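# Architecture at a glance
Letter by letter, the chains look like this.
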Amino acid sequence: MGRRRVVITGIGVVSALGRDAREFWQALVEGRPGIGPITLLDMSAMRFQNGAQARSFNPAEHFQQKELDFLDRFAQFAVVAAREAVRDAGVEWTAGLRERSAIVTGSCVGGKASEDEGFQTLYLLRKPRVNPLTIPRTMGNAGASYVSMETGICGPTYTVSTACSSANHAIGQAFWMVRDGIVELALTGGSEAPFSMGHLKAWEAMRVVAPDTCRPFSKDRRGMILGEGGAMMVLEPLEAAQARGARIYAEIVGFGMSSDAHHLTQPSVEGPARAIRAALADGGLAPEQIGYINAHGTATPANDPTEVAAVRAALGAQAERLAISSTKSMHGHALGAAGAIEAIATVLALREGVLPPTANFTTPDPLCDLDVVPNQARRAEVECALSNSFAFGGLNAVLAFRRWEG
Amino acid sequence: MSDELIQRIISCIAESQKIPRENITLDSTFEELGIDSLDGVNILFLLENEFNINIPDEGVQGIRGVRQMVEALEKLLSGGANTGAVAQS
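Residues numbered from 1 in each chain as written. Chains lettered and ligands numbered in written order. Predicted model: local features only at pLDDT ≥ 70, side-chain atom pairs only at ≥ 80, totals over all residues.

## Observations regarding the overall build of chain B
Going by this rule: Segments assigned H or I by DSSP are reported as helices when at least four residues long, segments assigned E as strands when at least two residues long, and all are numbered from the N terminus. Remark: C-beta atoms are placed from the backbone, and a residue is labelled buried if 20 or more other C-beta atoms sit within 10 Å of its own, exposed if 12 or fewer do, or partly exposed between those counts. Any pair of residues counts as being in contact when their C-beta atoms, constructed from backbone geometry, are within 7 Å of one another.
On a plain count of helices and strands, chain B comes out with 3 helices and 2 strands. Ordered by position from the N terminus, the helices and strands of chain B form the series α-α-β-α-β. Among the 89 residues that make up chain B, the fraction classed as buried is 18%. A separation of at least 24 residues holds for 60% of the contacts in chain B among residues at least 6 apart in sequence.

Shown next as structure tokens:
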């Protein structure tokens, strides 16, 4: 079987920007950040206070109490986003399709809150035993496994953990499996719930979290804002989607990966540039076809200028013509879910002909002097778009999408 | 600038970098000592424990050498204006 064209036919998002993909897109278009004080925890002993918390997410709306016993918050996000994506795609399951479908998710840290709870029981409360569901709640694949049980999908199902690139690696592999005929459908994305005391303390110690908000590419940026949520999409071969009359959001056309082989936390120019070039090559795209990039754009002092340099290195003169924005300025940095949330922002930008802005932007930085779409969404019909994810550990993953002219 | 303070700070840097204390002087730059940003946050962590203080992000971001680090710590420990240092109980 030759390579097949692959399209996105369903999307689902739970994030600080709302309960579903519709609310997510509405906030992005309005340039309205979901960043504010973290209320899930007592933050009084923390140096930073703000995060992009999914405030409108109410687990009881989605799960029975018995189910919640089994599901950490990060897995709940995966399940709710997957339900929305499958419903949105209008998939009609058959036994054959379930066997020939895949689930590939990304998560950086898994069920950290459940792990923290176990540690508190042991070390703080000095109790001799922990909740026996700690292991199944904590495991990184908990979301993928639960989605499999719920949908009956029984083909390849696994979770990728490559820090902030997890979801892009997951989506890329799912794309390749559909393209190469290994599966007929893939449900793919990522989820993360990083708001636990132990984990936030670890971020505090790294000194990369902003005390105020996330200002990517802005000269006064002071670091990242952590976010939580989940995003999933349904990928199908173009022919199958057309045969069943499915709505097509966009085509996924390329996936590129690389490793910096350089440093655990310092970004490099050449590694990300190679991943961008690899995504273009995989999709048979020329730089001139790229009109928009959803940036990794963490708003750390180091990431943004390095990413700008990488985009210039990979795309040459086209870098000066395209638009690049960081939607992390609104939904925060959701770590292993970031790539999935941003892939959906990218797909919707192509479909709606509107580029979401870089919010909270105040002052141009000469080191980040590309068109960063400051604060205001912009109407622009672009042919192709990239979504960048560059992880700690130097692992880079870039997805390429094409507007569907259906 | 007390000699004891300088020696305690140099000890933390030596511990973080796994290098002999003798290799570090008041005039050493972080670049000379091979200290990158990740090493830097590790040194701040060791200093917080050594002096039992919280060191805020502000005021330490531009530090590029031992002398600057000593000066910043001196200011924090003396409770200098706007340093934001908080003694831990």
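Structure shown, so let's carry the discussion forward.
## Examining the interface of chain A and chain B
Quick note on the threshold: Side-chain classes are defined by residue name, with Ala, Val, Leu, Ile, Met, Phe, Trp, Tyr, Cys and Pro counting as nonpolar, Asp, Glu, Lys and Arg as charged, and the others, Gly among them, as polar.
Between chain A and chain B, the contact holds 7 residues from the first and 7 residues from the second. Classifying every residue of the side of chain A that touches chain B by side-chain character gives 3 nonpolar, 2 polar and 2 charged.

## Points about the domain arrangement of chain A
All names here are of chain A. Here is the rule: Boundaries of every domain are those given by an automatic assignment or by a domain database.
Here the domain parsing of chain A yields domain 1 (6–243) and domain 2 (254–403). The interface of domain 1 with domain 2 comprises 62 residues on the first partner and 57 residues on the second. Contributing elements (two or more residues each) for the side of domain 1 that touches domain 2: strand S1 (6–15), helix H1 (21–30), helix H8 (166–179), strand S6 (185–192) and strand S7 (229–237). For the side of domain 1 that touches domain 2, the leading source of residues is H8, giving 8 residues. Partitioned by chemical class, the residues of the side of domain 1 that touches domain 2 number 33 nonpolar, 22 polar and 7 charged.

## Side note on the sheet that holds strand S13 (residues 384–391) of chain A
All names here are of chain A. The following threshold applies: The rule for pairing is simple: two strands pair if DSSP sees at least two bridges between them. Orientation is described by axes fitted as lines to C-alpha atoms, over the contacting stretch for helices, and by angles from 0 to 180 degrees between their N-to-C directions.
Read from one edge of the open sheet, 10 strands run S5-S4-S6-S7-S1-S8-S14-S13-S9-S10, paired in mixed fashion. Here the strands that pair on one side only, and so sit at the sheet edges, are strand S5 (157–160) and strand S10 (323–325). Strand-to-strand, the axes of this sheet are offset by a mean angle of 25°, without reference to chain direction. Relative to S7, S1 is paired through 9 bridges, and the arrangement is antiparallel. The residue of S7 that forms the bridge with Val-13 is Ala-231. With respect to the sheet, helix H11 (residues 270–283) is in contact with strand S8 (250–259), S13 and strand S14 (395–403), its orientation differing from that of S8 by roughly 140°. The sheet strands contacting helix H15 (residues 338–352) are S1, strand S4 (101–106), S6, S7, S8, strand S9 (290–294), S13 and S14, and the helix crosses S13 at an angle near 170°.

## Describing the pairing of S8(A)
Residues and elements named next belong to chain A. Of all 10 residues that make up S8, 9 are buried, and the element is covered over most of its length. Bridge count for S1 against S8 is 3 bridges, and the pairing is antiparallel. Residue pairing in the sheet places Ile-8 in a bridge with Ala-250 of S8. Pairing of S8 with S14, which is carried by 9 bridges, proceeds in the antiparallel orientation. In the sheet register, Gly-254 faces S14, and the bridge partner there is Ala-400.

## With respect to the nonpolar core
Just so we agree on the cut-off: For this entry, the nonpolar core is defined as buried Ala, Val, Leu, Ile, Met, Phe, Trp, Tyr and Cys residues connected by C-beta atoms within 7 Å.
One finds A:Leu235, A:Ile276 and A:Ile344 to be the most contacted residues of the largest nonpolar core, which totals 133 residues. Sorting elements by how many residues they give to this core places helix H3 (residues 73–89) of chain A first, with 11 residues. For this core, the domains that each give at least three residues are domain 1 (6–243) and domain 2 (254–403) of chain A. Among residues more than four places away in sequence, those in contact with A:Ile344 are A:Ile11, A:Val13, A:Ala21, A:Ala231 and A:Met233. Listed in part, the 13 residues of the second largest apolar core include B:Ile43, B:Val66, B:Met69 and B:Leu73.

## As for the environment of A:Val269
Along the polypeptide, A:Val269 turns up in the loop between S8 and H11. Setting aside its immediate chain neighbours within four residues, A:Val269 contacts A:Thr306, A:Ala309, A:Ala310 and A:Ala313.

## Topic: the pairing of S7(A)
Regular strands have side chains that alternate between both faces of the sheet. Residues and elements named next belong to chain A. Burial of S7 is extensive: 8 of the 9 residues sit out of reach of the surface. Alignment of S6 against S7, held across 7 bridges, turns out to be antiparallel. Following the sheet pairing, Thr-188 is matched in S7 by Met-233.

## Focus on helix H7 (residues 142–151) of chain A
All names here are of chain A. Every buried residue of H7 is accounted for by Ala-142, Gly-143, Ala-144, Tyr-146, Val-147 and Ser-148. Residues of H7 that are buried sit in contact with H3, S4, helix H6 (134–138), S5 and S6. Backbone geometry just after H7 places Gly-152 at a positive phi near 80°.

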